[in-house]
Amino acid sequence: HIGSFTGEGTLASAAKKLEHIRDLGFTAISVMPIHQDARRAVSPTPDVWGYDVLSFTAVDSSYGSLQDLADFVQDAHACGLAVLVDFVVNHMMWGADMLYGPQLFLPGQDTDWGPRPDFGKPEVRSLIHTAAEMLLLSFGVDGLRIDSTKSIRKLPSGGPDAAGANLLAELTGLCRKHGRLAIAEDLEDGDGILQWGGLGFHMQWDMSLFCWIYDALVSPLDECRDLKRITDGLLGLAPGRAHALRGRVVFMESHDTATSDRYGRVPAAVHHGKSFMPVAEADQGGGDAFQKVGVALPYPSLAAVEKNSFAA
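This is a predicted model, so every value here is computed, not measured.

Side note on the environment of Gln 36
Then, number 1: Note on placement: Gln 36 falls in strand β2 (residues 35-37).
Then, number 2: The spacing of Gln 36 and Thr 57 is 21 residues in sequence and 7.9 Å in space, taken between C-alpha atoms.
Then, number 3: The contacts of Gln 36, once residues within four sequence positions are left out, are Ala 41, Asp 52, Val 53, Leu 54, Ser 55, Ala 58, Val 59, Asp 60 and Ser 61.

Remarks on unusual backbone geometry
Then, number 1: Even without a glycine there, the phi angle at Ser 148 is positive, about 40 degrees.
Then, number 2: Among the secondary structure elements, Ser 148 is positioned in the loop between β5 (143-146) and α7 (150-153).

A closer look at the pattern of salt bridges
Then, number 1: One pass over the structure, following the stated rule, counts 16 salt bridges.
Then, number 2: Across the salt bridge formed by Arg 145 and Asp 147, the nearest N and O atoms sit 3.0 Å from each other. Side by side, Arg 145 and Asp 147 carry an identical accessibility label, which is buried.
Then, number 3: A salt bridge links Arg 248 to Asp 206, with the nearest nitrogen and oxygen atoms 3.1 Å apart. With a gap of 42 residues between them, Arg 248 in strand β8 (residues 248-249) and Asp 206 in the loop between β7 (203-205) and α10 (207-218) connect regions that are remote in the sequence.
Then, number 4: Residue Arg 248 is classed as partly exposed on the basis of its relative accessible area, which comes to 21%.
Then, number 5: One network of salt bridges, in which partners are shared, links Asp 86, Arg 145, Asp 147 and Glu 185.

Observations concerning the sheet that holds β7
Then, number 1: Pairing is parallel across the open sheet formed by six strands, whose spatial order is β1-β4-β5-β6-β7-β8. With partners counted over all chains shown, the strands left at the sheet margins are β1 (28-31) and β8, one partner each.
Then, number 2: Relative to β5, strand β4 (residues 82-87) is paired through four bridges, and the arrangement is parallel. Its bridge partner being in β5, Val 85 is matched across the sheet by Leu 144.
Then, number 3: Those strands touched by helix α6 (residues 122-138) are β4 and β5, and its axis lies near 160 degrees from that of β4.

Some points on the side chain of Ser 13
Then, number 1: You can see Ser 13 is positioned in helix α2 (residues 11-15).
Then, number 2: On the accessibility criterion, Ser 13 (7% relative accessible area) is buried.
Then, number 3: Here the side chain of Ser 13 touches Thr 6 through a polar contact of 2.6 Å, side chain to side chain.
Then, number 4: Sequence-distant contacts of Ser 13, defined by excluding residues within four places in its chain, comprise Thr 6 and Glu 8.

So, the packing of aromatic side chains
Then, number 1: In this structure the tally under the stated criterion is six aromatic pairs.
Then, number 2: For the pair Phe 210 and Tyr 214, a centre-to-centre distance of 5.6 Å together with 45 degrees between the ring planes defines the contact as tilted. Of this pair, Phe 210 and Tyr 214 both sit in helix α10, separated by four residues, roughly a single helical turn.
Then, number 3: On the basis of relative accessibility, which here comes to 5%, the residue Tyr 214 falls in the buried class.

About the cut-offs
Residues numbered from 1 in each chain as written. Predicted model: local features only at pLDDT ≥ 70, side-chain atom pairs only at ≥ 80, totals over all residues. Heavy atoms only, no water. Helix = DSSP H or I, 4+ residues; strand = E, 2+ residues; numbered from the N terminus. Contact = heavy atoms within 4.5 Å. Salt bridge = Lys/Arg side-chain N within 4 Å of Asp/Glu carboxyl O. Buried < 20%, exposed > 50% of the residue type's maximum accessible area, 1.4 Å probe, protein only. Pairing = 2+ DSSP bridges. Axes fitted to C-alpha atoms, helices over the stretch in contact; angles between N-to-C directions. Polar contact = N/O pair within 3.5 Å; in protein donor to acceptor, adjacent residues only side chain to side chain. Phe/Tyr/Trp six-rings, centres within 6.5 Å; stacked < 30°, edge-to-face > 60°.

Don't take any of this as a statement about function, it's just geometry.
Written as structure tokens, this is what we have:
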């Protein structure tokens, strides 16, 4: 989250920390939305996530300029870091249908976050393709994490959207053509459609492992800890999924879980639940399974967490 990663909250200031990220042992960074956000256009607060999309093709003015983005990607590559960008096209800000014209949006099919573009309209698809090509080809971004792909391949009313599914296949085809990574954030894909069903994603977010490790860490009672589920999660299995996922993004915290009423920060949840583990050690719960031997985990201090829920 560029807005709170540094005190200045800009791409230029974030670029100054890239060597530090590399030295921690990371090989890639995933950047939350950098589209122009409607709320950030009128408020300088860093805790605006960037999902109130005003424009698919403009870099948020509070983060910097197009040149700042180009320099950030170039500096990351110089440090040996790949750059992935959160690509949000499943909705736009509330009121976008009045700003751009209601004919570009599906009537009666608003998402929870704003009006949903009509992916069957050529002008909508052209704009989204242009935005993706700009990031991948003009700026050299190494991959797209496509936000809420479920909201693109399905209608808010629940039915499938063939036009949306075709758009996803086109975006992943663009990524594959140019050797870039296509990642889906889709929390309802129990049937493997994203990877085996023709949509062509390399990887997808896997929420199951987080949920099961979280439950095992937070519960103070051993009899409530289901290690079989953690084993299944490590193998890529989940309820309704008869096969292991081919490519996964696993995590112990995300921007959604860290600030949600259901989960919150994992150390705080463990501590408040009076678990067997002290709060300082709870920080290490998920990472211990994946870290390199002898490398310190890059978790923030508790002071940083209390000051800013986005600290990471």
